[in-house]
Amino acid sequence: MEALSRAYGDEALAAFELDFLSDGERRRLPLGASWQVSFEAVEPVRPFRWDKDTPGFAGWYYSVTARDHVGYESWLERDRLILLDRDPQVTAISSQPFWLHWDDGRRQRRHAPDYFVRLAAGQARVVDVRAEDDMDEGTREAFAATERACEAVGWEFEWAGRPDAVLMANIRWLSRYRRARSGRPAAVAERLLEVFSEPRGLWEGAGVVGDRLQVLPVLFHLLWSGTLKADLSGGLMETGSLVWAKGRQRWAG
C-alpha cells in the first residue's frame, strides 16, 4: 500500500487526521472534517514541562496579539513567537494546536506543529520551528507530511529556523515595551513622530521631545509596533542609531 503520508489533494483529506482540544474536550477528526476549526483558539494538545532533566526550555510568553500567554518549548520557539507577535499580519496565535496523525507506510506517525497562526486576511499558517543543524530524517519527514496536509486545506506552512542574531537581539529588547501602556502618553508619541519625521539619532531625538526617562519607553514601543523605523539588522541599537518615522527612508549614502 502506498504510504498515506504521500497523499495529496482530496486523498489527503482522509489520509490525515487532526487530534485537538477544544473547550476541554478531546476530538479526533479526518483533516477534511476539521480544517474549519478555529485552531487559533484551541488549547495545547500536550503540556509544557519544566522538569529539571527535560531537554529544551519551556515557558509562557504574554502575546499582545493573542492578549494571552502562549507556550513555547525552547528559546528558538520563544524567539519565533516574539517575531509572530510583532508581525502586523498576524491576528491570533496558538501553540501545539493539534496532533497530526498519518500512516507513513511502515507505521502510524504523529506530529504536533509548534504554532497555528491566523492572518489578517483570514488565511491560516502552520509554523514549525527547528534549527537546520538540529534536523534529522524523522523531523524532515514530519515537516513534509505537515506541509502536504496544509496544502490540502489551503493553509500556509512555514519551517522557521534560527533568525538573524542581531535582528533578534534588537527585537527581544523592544518586546519589553510591547504592551500598549508603554506607548503612553499619546502626546509624547505624537511629538516623537514629528521629531523623527526626518532621520536622526535615537538619543538626540528623545532628548528633543523631553525627559528621556519618560520618552524612551514610548520611543521603544513605537519601534516595536513599526510606527518608527530603525535598521534592526545592521547592528545592535545604541544611542546614535538612526530612527525615522514610518514611510520615510534613510538618508542616501
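Residues numbered from 1 in each chain as written. Predicted model: local features only at pLDDT ≥ 70, side-chain atom pairs only at ≥ 80, totals over all residues. Heavy atoms only, no water.

Trainee: Quick one: what's the story with the pattern of salt bridges, residue by residue and with numbers?
Mentor: Evaluation of the coordinates by the stated rule reveals 15 salt bridges. Here Asp104 and Arg109 are joined by a salt bridge, their closest N and O atoms 3.3 Å apart. Here Asp104 matches Arg109 in class, with each residue buried. Across the pair Glu141 and Arg106 runs a salt bridge, and its minimum N-O distance is 3.6 Å. Separated by 35 residues along the polypeptide, Glu141 in helix α4 (residues 137-153) and Arg106 in the loop between β6 (99-103) and β7 (108-111) bring together distant segments of the chain. Overall, the relative accessible area of 62% leaves Arg106 in the exposed class. (Salt bridge = Lys/Arg side-chain N within 4 Å of Asp/Glu carboxyl O. Buried < 20%, exposed > 50% of the residue type's maximum accessible area, 1.4 Å probe, protein only. Helix = DSSP H or I, 4+ residues; strand = E, 2+ residues; numbered from the N terminus.)

Trainee: I'd love a proper account of the pairing of strand β4 (residues 68-72), names of residues and values included.
Mentor: With five bridges joining them, strand β3 (residues 59-63) and β4 adopt antiparallel strand pairing. Its bridge partner being in β4, Gly59 is matched across the sheet by Tyr72. In textbook terms, the turn of a hairpin is the stretch between consecutive antiparallel strands, and for β3 and β4 this stretch comprises four residues, one of which, Arg67, has a positive phi near 55°. (Pairing = 2+ DSSP bridges.)

Trainee: Any details on the sheet that holds strand β1 (residues 17-22)? Residues and values, ideally.
Mentor: Taken in spatial order, the four strands make up an open sheet running β2-β1-β6-β7, and their pairing is antiparallel. Each having just a single partner strand, β2 (25-30) and β7 make up the two edges of the open sheet. The mean angle between the axes of side-by-side strands here comes to 20°, regardless of whether they run parallel or antiparallel. Where β1 lies against β2, six bridges are found, and the strand directions are antiparallel. Across the sheet, the residue bridging to Phe20 is Arg27, located in β2. Along the sheet, α4 contacts β6 and β7; its crossing angle with β7, the most-contacted strand, is approximately 80°. (Axes fitted to C-alpha atoms, helices over the stretch in contact; angles between N-to-C directions. Contact = heavy atoms within 4.5 Å.)

Trainee: Got a sec to walk through the pairing of strand β13 (residues 242-245)? Specific residues and values, please.
Mentor: Each regular strand carries side chains that alternate between the two faces of the sheet. Relative to β13, strand β11 (residues 200-201) runs antiparallel, the two sharing two bridges. What sits directly across from Arg200, in β13, is Val243. Note that strand β12 (residues 228-230) and β13 share three bridges and pair antiparallel. Looking across to β13, one finds that Leu228 is bridged to Ala245.

Trainee: An account of the packing of aromatic side chains is needed here, citing residue identities and associated values.
Mentor: Here the distance between the centres and the angle between the planes together describe a pair of aromatic rings. Going through the model one piece at a time under the given rule, you end up with 13 aromatic pairs. Residues Phe16 and Trp102 carry aromatic rings whose centres are separated by 6.4 Å and whose planes lie at 50° to one another, so their mutual orientation is tilted. Within this pair, whereas Phe16 is found in the loop between α1 (9-15) and β1, its partner Trp102 is found in strand β6, the two being separated by 86 residues in sequence. Judged by centre distance (5.8 Å) and plane angle (90°), the rings of Trp173 and Phe220 are edge-to-face. Taken together, the residues Trp173 in helix α5 (residues 165-175) and Phe220 in helix α8 (residues 212-225) connect sequence positions 47 residues apart. Note on Trp173: relative accessible area 32%, which makes it partly exposed. Clustering of aromatic rings is evident, with ring pairs tying together Phe20, Phe39, Phe98, Phe116 and Trp155. (Phe/Tyr/Trp six-rings, centres within 6.5 Å; stacked < 30°, edge-to-face > 60°.)

Trainee: Any chance you could break down helix α7 (residues 202-209) for me, citing the residues and the numbers?
Mentor: One full turn of an α-helix is made of 3.6 residues, so residues set three or four places apart face in the same direction. Of all the residues in α7, the buried ones are Leu202, Gly205, Ala206 and Val209. Viewed end-on, α7 has its buried residues packed into an arc of 100°, placing them on one side of the element. On its buried side, α7 packs onto α6 (186-195), β11, α8 and β13. (Arc of directions from axis to C-beta.)

Trainee: Lay out the environment of Pro97 in plain terms, naming residues and giving numbers.
Mentor: As for its position among the elements, Pro97 is in the loop between β5 (90-95) and β6. Separated by 76 residues in the primary sequence, Pro97 and Leu21 place their C-alpha atoms 8.0 Å from one another.

Trainee: So, the sheet that holds β11: which residues are in play, and what are the values?
Mentor: With antiparallel pairing, three strands are arranged side by side in an open sheet as β11-β13-β12. The sheet is open, and its two borders are formed by β11 and β12, each paired with just one other strand. Of the strands in this sheet, β12 and β13 are in contact with α8, which crosses β12 at around 80°.

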